[in-house]
Amino acid sequence: MVLADSSKDISSVEMTSQKLKEYANYMRGLNLIALCSAGSGHSGGTLSIMDICAVLYLKIAHHQLENPNWDDRDRIIWSAGHKAPALYTSLAVSGYFPEKELMKLRMLGSPFQGHPHRKELDGVEISSGSLGQGFSVGVGVALAAKLNKKDYRVFVISSDGEQQEGSIWEAAMAGAFYHLDNLILIIDKNKLQIDGKVKQVMNIDPLNEKYRAFGWHVIEVDGHNIEALEENLNWARNHNDTGKPIVIICHTIKGRGVSFMENVVGWHGKAPNREELDKALKELKLEDKFDVEALLSYGRQYQEQVEQKLNDALPKFSRNFWWNEADVMKVEMVSTRKGFGKALDKYGNDERIVCIGADISDSITISNFYKNHPERKDRFFSVGVAEQNATTIACGLAKEGKIPVFGTYGVFASARNLDQLRVSVCYGDYNVLIAGAHSGISVGPDGATHQELEALFQIAGLPNMHLGVPCDTIETEKMTRAFLFEIVGPKYIRFAREATPLITKESSPFTFGMANIYRFRKEEKNFVDAFEIILADEYQNENEDVSIISCGPETAEALRAAYILKKDFDIETRVINMHTIKPLDKTAIIRAVQETKAIITAEEHQVGGLGNKVAAVIARERNLDKKYISFDMIGINDTFGESGQPWQLIKKYQLAAENIVLKAKELLKL
């Protein structure tokens with residue numbers, strides 16, 4: 001094992017228990033500085049696991065810096081991908097890269113993504129973030145070692161909340177069945193998850209007895225006792241004579257080492273600000289160990305360079321039309337998800353409505369259903385990290401006449417449980433409302449694993465499904481109400497996390513299944529007042545030059561594009577807010593073809609989720625009198641997202657109004 005770099009030769013240090021304690025403490029401080037630099041991320045779990053990381057990376061595991069892909073290295077697989085800052089800190093202290101690089105955590109273009117990506121950084125074995133999957137990958141890697149007659153060990157890092165995923169137990173069953181004595185599962189059992197205490201969200205105990213029943217050799221240890229960790233990890237790696245895979249259940253404290261973080265649920269997915277960082281470093285007795293300002297300045301400088309490059313690449317017009325940069329056309333920014341919670345709070349008295357949470361209840365606002373109404377708490381069911389189970393539980397509730405509402409991040413709502421949606425919800429044609437929250441790139445720094453960019457393909461392809469993508473928080477509330485009481489059958493609402501522009505009013509028309517037409521009238525103090533909003537079937541043709549068909553938060557960019565086109569080029573634009581993707585308002589699309597010269601679809605999604613559907617309507621229409629129409633699409637071009645601020649990602653993936661304007665000019669041959 002070699003652990004060295006040019007700045008410090010760790011291999012020359014005898015890794016005594018005392019030295020490992022010092023390194024673990026140092027790593028906690030470095031981890032917190034990186035999180036402060038990022039402004040987001042997971043503090044609690046990275047602190048709870050740091051003693052384990054120090055022992056594993058600095059003493060037990062076999063790996064080589066000069067050859068990160070050494071064929072005989074031990075594989076350390078992070079199934080709990082949200083603890084990525086602890087992984088990066090472990091690699092930095094091991095010497096894989098300079099520690100200051102950690103200050104780029106969760107920033108655009110950085111290899112330190114919000115959840116690990118194997119193609120970005122040496123020492124990262126798998127791309128992870130969707131809980132439960134890494135364990136099964138570990139089983140596969142351990143099987144490969146057996147087939148190739150290799151002596152390396154496979155360590156899988158997992159969390160206790162992750163044990164709620166059904167796939168965990170499939171992996172556990174397979175690991176024992178194939179006698180994978182080269183597989184070591186490490187569970188950081190800190191007893192807290194996002195929604196609260198694990199035993200209250202969805203109890204996983206007795207965890208030790210469950211693994212024994214599955215055929216594993218079980219070790220339980222104090223996850224903060226360095227000597228005990230050394231002894232047990234060393235035995236598991238070098239002396240396992242049981243013929244069984246090993247699980248080491250490490251009892252830890254979430255937020256370990258920082259008094260105001262310890263055992264506090266709210267520090268699961270929160271980063272310290274500068275004041276909190278200074279206080280934490282003082283408690284860790286590290287206030288003189290780091291040049292904190294120099295480190296944070298390194299991160300700020302990198303972020304400024306990223307911003308400058310993005311702004312330099314953004315198309316330029318007569319002035320800066322970016323949001324709230326001028327004294328006119330001001331817009332209020334409100335998180336779209338709040339409209340979902342507001343609707344559940346307002347309309348949840350109906351005894352038929354039941355809600356199902358999946359460990360991110362506050363984040364997606366589904367918990368608003370009962371927060372102000374304790375009498376509704378018995379109609380709220382938490383299933384923990386178990387999206388597939390939640391979806392099929394919802395079917396059972398719907399079968400008996402309830403109106404179940406299940407919500408989670410869009411990546412899990414539309415993909416993790418796609419088969420359950422297909423067979424149990426849609427084939428059964430049950431009245432189930434699924435909320436795909438935090439959709440698109442609005443989750444920003446969490447990175448690709450949590451950025452849902454494919455749901456319109458997956459969900460719209462399901463028979464019997466109704467699919468809505470509201471443009472702002474007000475429309476989200478209206479659509480949620482319609483889904484609760486007007487639409488019967490499978491239904492899916494896709495909405496964003498980030499604060500996005502308010503582009504509708506309470507008085508704006510809304511009918512599910514019918515698009516809204518927006519027309520820019522004149523520059524106003526408030527952006528929303530500059531547009532007239534009309535139901536598509538009530539709209540009178542104005543022979544505009546171009547139609548922009550959009551949905552979700554990208555609709556605001558379409559409106560800003562209409563504003564720029566008029567102000568700088570005197571081009572008239574019909575913006576169609578296609579908030580209902582299924583059933584699609586085909587009449588509004590055909591009228592746009594007949595009455596305007598060009599059509600652009602704009603979506604914060606893989607290109608074609610909306611665009612392909614619009615194109616299909618046009619291609620199949622027989623009554624266009626052979627009219628030629630210029631057509632193109634704006635969207636994310638067949639790539640995964642990455643960590644970065646949401647508005648940075650809008651610019652990077654060329655979803656901004658300025659990019660739509662260039663496309664319109666191109667289609668109109670200007």
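This structure is a prediction, so every number in the text was calculated from the model and none was measured.

**Here we look at the sheet that holds strand β19 (residues 573–577)**
Line of reasoning, step 1. One open sheet accounts for 6 strands, arranged β17-β16-β19-β18-β21-β22; its pairing is mixed. Strands with a single pairing partner mark the edges of an open sheet, and in this sheet they are β17 (531–535) and β22 (630–636). Between one strand axis and the next, the sheet turns through 20° on average, direction left out of account.
Line of reasoning, step 2. Docked against the sheet, helix α21 (residues 586–595) engages β18 (546–550), β19 and β21 (598–606), running at close to 170° with respect to β19.
Line of reasoning, step 3. Helix α22 (residues 611–620) contacts β18, β21 and β22 of the sheet and is inclined by roughly 160° relative to β22.

**Concerning helix α5 (residues 133–147)**
Line of reasoning, step 1. Between its terminal C-alpha atoms α5 stretches 22 Å, which fits the 21 Å expected from 15 residues at 1.5 Å a residue.
Line of reasoning, step 2. In this structure, the buried residues of α5 make contact with β1 (75–78), β2 (154–159), α6 (166–177), β3 (183–189) and α8 (207–213).
Line of reasoning, step 3. The first or second residue beyond α5 is K149, which carries a positive phi of 55°.

**Describing the environment of F340**
Line of reasoning, step 1. Assignment of secondary structure puts F340 in helix α12 (residues 337–347).
Line of reasoning, step 2. For F340 and F369, which are 29 residues apart along the polypeptide, the C-alpha to C-alpha distance reads 9.6 Å.
Line of reasoning, step 3. Sequence-distant contacts of F340, defined by excluding residues within four places in its chain, comprise I364, T365, I366, V405, A435, T476, T480 and F495.

**Things to note about the side chain of D585**
Line of reasoning, step 1. The topology assignment puts D585 in the loop between β20 (580–582) and α21.
Line of reasoning, step 2. In this structure, D585 is buried with no salt-bridge partner, the nearest side chain bearing the opposite charge being R591 at 8.6 Å.
Line of reasoning, step 3. Side-chain polar atoms of D585 contact the backbone nitrogen of A515, separated by 2.8 Å.
Line of reasoning, step 4. Among the polar contacts made by the side chain of D585, one reaches the main-chain amide nitrogen of A588 at a distance of 3.1 Å.
Line of reasoning, step 5. In contact with D585, not counting residues within four places along its chain, are G513, M514, A515, A536 and M578.

**Some details on the sheet that holds strand β14 (residues 491–494)**
Line of reasoning, step 1. Read from one edge of the open sheet, 7 strands run β10-β9-β11-β12-β14-β13-β20, paired in mixed fashion. Every interior strand has two partners, whereas the edge strands, β10 (380–382) and β20, have only one. The average undirected angle you get between the axes of adjacent strands in this sheet is 20°.
Line of reasoning, step 2. Where strand β9 (residues 353–357) lies against strand β11 (residues 403–409), 4 bridges are found, and the strand directions are parallel. Considered in β11, the bridge of I356 is made with F406.
Line of reasoning, step 3. The strands touched by helix α15 (residues 387–399) are β9, β11 and β12 (433–437); relative to β11, the strand with the most contacts, the crossing angle is about 165°.

**A look at the pattern of salt bridges**
Line of reasoning, step 1. This structure, assessed with the given rule, holds 48 salt bridges.
Line of reasoning, step 2. One salt bridge connects E101 with K104, and the closest N-O pair in it is separated by 2.8 Å.
Line of reasoning, step 3. A residue is classified by how much of its surface remains accessible, and K104, at 14% relative accessible area, is buried.
Line of reasoning, step 4. In this structure, the salt-bridge partner of E595 is R591, at a minimum N-O distance of 3.2 Å. Of this pair, E595 and R591 both sit in helix α21, 4 residues apart, which is roughly one turn of that helix.

**Some thoughts on α22**
Line of reasoning, step 1. Among all positions of α22, only G611, V614, V617 and I618 are buried. Each buried residue of α22 sits inside an arc of 130° when the element is viewed along its axis, so together they form one side. Pointing more than 90 degrees away from the buried face of α22 are the exposed residues A619 and R620.
Line of reasoning, step 2. Packed against the buried residues of α22 are β18, α21, β21 and β22.

**A few points about unusual backbone geometry**
Line of reasoning, step 1. Omega for the bond connecting D205 with P206 falls within 30 degrees of zero, at 0°, which places this linkage in the cis form.
Line of reasoning, step 2. By secondary structure assignment, the location of P206 is in the loop between α7 (198–202) and α8.
Line of reasoning, step 3. Between K582 and P583 the backbone carries a cis peptide bond, its omega angle lying at 5°.
Line of reasoning, step 4. The phi angle at M329 is positive, at roughly 55°, despite the residue not being glycine.
Line of reasoning, step 5. Here M329 lies in the loop between α11 (292–313) and β8 (333–335).

Thresholds, definitions, all that
- Residues numbered from 1 in each chain as written.
- Predicted model: local features only at pLDDT ≥ 70, side-chain atom pairs only at ≥ 80, totals over all residues.
- Heavy atoms only, no water.
- Pairing = 2+ DSSP bridges.
- Helix = DSSP H or I, 4+ residues; strand = E, 2+ residues; numbered from the N terminus.
- Axes fitted to C-alpha atoms, helices over the stretch in contact; angles between N-to-C directions.
- Contact = heavy atoms within 4.5 Å.
- Expected span 1.5 Å × (residues − 1).
- Buried < 20%, exposed > 50% of the residue type's maximum accessible area, 1.4 Å probe, protein only.
- Lys, Arg positive; Asp, Glu negative; His and termini not counted.
- Salt bridge = Lys/Arg side-chain N within 4 Å of Asp/Glu carboxyl O.
- Polar contact = N/O pair within 3.5 Å; in protein donor to acceptor, adjacent residues only side chain to side chain.
- Arc of directions from axis to C-beta.

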